[in-house]
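# Summary of the model geometry
These are the residues of each chain, in order.
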Amino acid sequence: MLAHSTSADTTLLIEAAERAGEIAMRYFRADHRVWEKDDGAGPVTEADLAVDAMLRAHLLGARPGYGWLSEESADDAARLSCERCFIIDPIDGTRAFTAGEVSWAHSLAVAEAGRVVAAVVAMPAKKMIYAAGTGTGATRNGTPLRVTEATGPDDISIVTAKPNLAPHLWPGGLPRNARHYRPSLAYRLALVAEGRYDAMVTFRDTWEWDIAAGTLIVQEAGGTVTDRLGTPLRFNTPDRLTAGTLAANPALHGNLMARLAQ
């Protein structure tokens, strides 16, 4: 039996995210090193690595039996045999961070048996912390969150990148929509959870660390999150990828899936 409750893990993630924000803000809109990753996976900065190092030391120091999966750490297959595993993106939205924009996030989650059980999406430059634990609801700065009640699938607001609304991707017809965009996938999910937008979709294969925390926050706000095929998401998997992401309230999710069906 685990020694730590889900609520204790959520509290730990909030504390860690606050520390991460203190580190990241020292680099934000200040001179710092930026370089491209060797595998063409995008930019990384001094801030990403500094936050990652702190989070790994702090979180595994508090939970030494947990596994570790982070965008900025070498993968260790030992995580697959751990009962619980941290899934971390030190800075989600690194390009926005380096450009001095505020819509970047720290994405912190704990997964157990393939499901996220504790989650935090922190936005230090916006002074916001989204948090959730299984069965305890989702909050932003302590205020409860709830997804919208829009059933659509037309006349809805979607937070997504423009390529996801190419008509050929929607065999049943592209929903009439007002499109919005944020660079951080974690933040896009949080915005659906708080009811700012009706849905979030991305069709590209998605790294677990980008969506793990946001997935639970949407679910605890009453929403449904699956991959682009409608399959429930699994986390702490060997390949670390999901087949895209679709998030909305249950009725709208079902109606959007009908538009996606072949």
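All of the points below concern the structure found in this document.

## Observations concerning the overall build of the protein chain
Along the backbone of the protein chain there are six helices and 16 strands. Computed over its C-alpha atoms, the radius of gyration of the protein chain comes to 17 Å, within 12% of the 18 Å expected for a compact globule of 262 residues. Each principal axis of the C-alpha atoms in the protein chain carries an extent, and together these give about 50 × 45 × 35 Å. Counting only residues that meet the buried cut, the protein chain has 55% of its 262 residues in that class. Across the protein chain, every contact between residues at least 6 apart in sequence was considered, and the portion connecting residues at least 24 apart equals 61%. Working note: accessible area of the protein chain is about 11200 Å², and carbon and sulfur atoms make up 50% of it. Charge separation in the protein chain, taken as the distance between the mean sites of 26 positive and 31 negative side-chain charges, equals 4 Å.

## Quick word on the packing of aromatic side chains
Enumeration according to the criterion identifies eight aromatic pairs in this entry. Summarising the aromatic geometry, the rings of F28 and W104 are spaced 5.4 Å apart at their centres and angled 55 degrees between planes, so their arrangement reads as tilted. Here W104 lies in the loop between α3 (94-98) and β5 (105-112) and F28 lies in the loop between α1 (6-27) and β1 (34-36), a separation of 76 residues in the sequence. Classification of F28 as buried rests on a relative accessible area of 9%. Relative to F86, the ring of Y66 lies with its centre 5.2 Å away and its plane at 40 degrees, an arrangement referred to as tilted.

## Examining the sheet that holds strand β16 (residues 245-248)
Each strand in a sheet pairs with another by means of backbone hydrogen bonds, the pair being arranged parallel or else antiparallel. Pairing is mixed in the open sheet, where five strands are placed in the order β11-β10-β12-β16-β14. The outermost strands of the open sheet, each flanked by one partner alone, are β11 (177-180) and β14 (224-226). In this sheet, adjacent strand axes meet at a mean angle of 20 degrees when their direction is disregarded. When β14 meets β16, the two strands line up antiparallel, connected through three bridges. Residue V225 lies in a different strand from β16, and its bridge partner there is A247. The strands that helix α5 (residues 208-220) touches are β14 and β16; relative to β14, the one it contacts most, it runs at about 150 degrees. Across the sheet, helix α6 (residues 250-260) is in contact with β10 (156-159), β12 (199-202), β14 and β16; its angle to β16 comes to roughly 140 degrees.

## Concerning α1
At 3.6 residues per turn, the α-helix brings residues three or four places apart onto the same side. Taking 1.5 Å per residue as the helical rise, α1 with its 22 residues ought to reach 32 Å, and the 32 Å between its terminal C-alpha atoms agrees with that figure. At its buried positions, α1 is contacted by α2 (46-62), β4 (84-92), α3, β5, β6 (115-123) and β7 (128-133). Count one or two residues on from α1 and you reach R29, which has phi positive near 60 degrees.

## As for the nonpolar core
I87, V121, Y130, I217 and F235 are the most contacted members of the largest nonpolar core, which has 39 residues in total. For this core, the secondary-structure elements that each account for two or more residues are β4, β5, β6, β7, α4 (185-193) and α5. Ranked by residue count, the leading element in this core is α4, at eight residues. Each residue touching F235, except ones within four places of it in the same chain, is listed here: I87, A111, G114, V116, E208, I211, A212 and T215. Membership of the second largest hydrophobic core comes to 29 residues, among which are L13, L108, A118 and V120.

## Things to note about the pattern of salt bridges
Within the structure shown, the criterion is met by ten salt bridges. Taking the shortest distance from any N to any O, the salt bridge between R63 and D9 comes out at 2.7 Å. Separated by 54 residues along the polypeptide, R63 in the loop between α2 and β3 (67-70) and D9 in helix α1 bring together distant segments of the chain. One exposure class covers both R63 and D9, and it is buried. For R84, the salt bridge identified is with E112, shortest N-O distance 3.0 Å. Placement of R84 in strand β4 and of E112 in strand β5 is noted, with a sequence separation of 28 residues between them.

Quick notes on the rules
Residues numbered from 1 in each chain as written. Predicted model: local features only at pLDDT ≥ 70, side-chain atom pairs only at ≥ 80, totals over all residues. Heavy atoms only, no water. Helix = DSSP H or I, 4+ residues; strand = E, 2+ residues; numbered from the N terminus. Rg over C-alpha atoms; globule rule 2.2 N^0.38 Å. Buried < 20%, exposed > 50% of the residue type's maximum accessible area, 1.4 Å probe, protein only. Contact = heavy atoms within 4.5 Å. Areas by Shrake-Rupley, 256 points an atom, 1.4 Å probe, with all protein chains shown as cover. Lys, Arg positive; Asp, Glu negative; His and termini not counted. Charge placed at Lys NZ, Arg CZ, Asp CG, Glu CD. Phe/Tyr/Trp six-rings, centres within 6.5 Å; stacked < 30°, edge-to-face > 60°. Pairing = 2+ DSSP bridges. Axes fitted to C-alpha atoms, helices over the stretch in contact; angles between N-to-C directions. Expected span 1.5 Å × (residues − 1). Core = buried A, V, L, I, M, F, W, Y, C linked by side-chain atoms within 4.5 Å. Salt bridge = Lys/Arg side-chain N within 4 Å of Asp/Glu carboxyl O.

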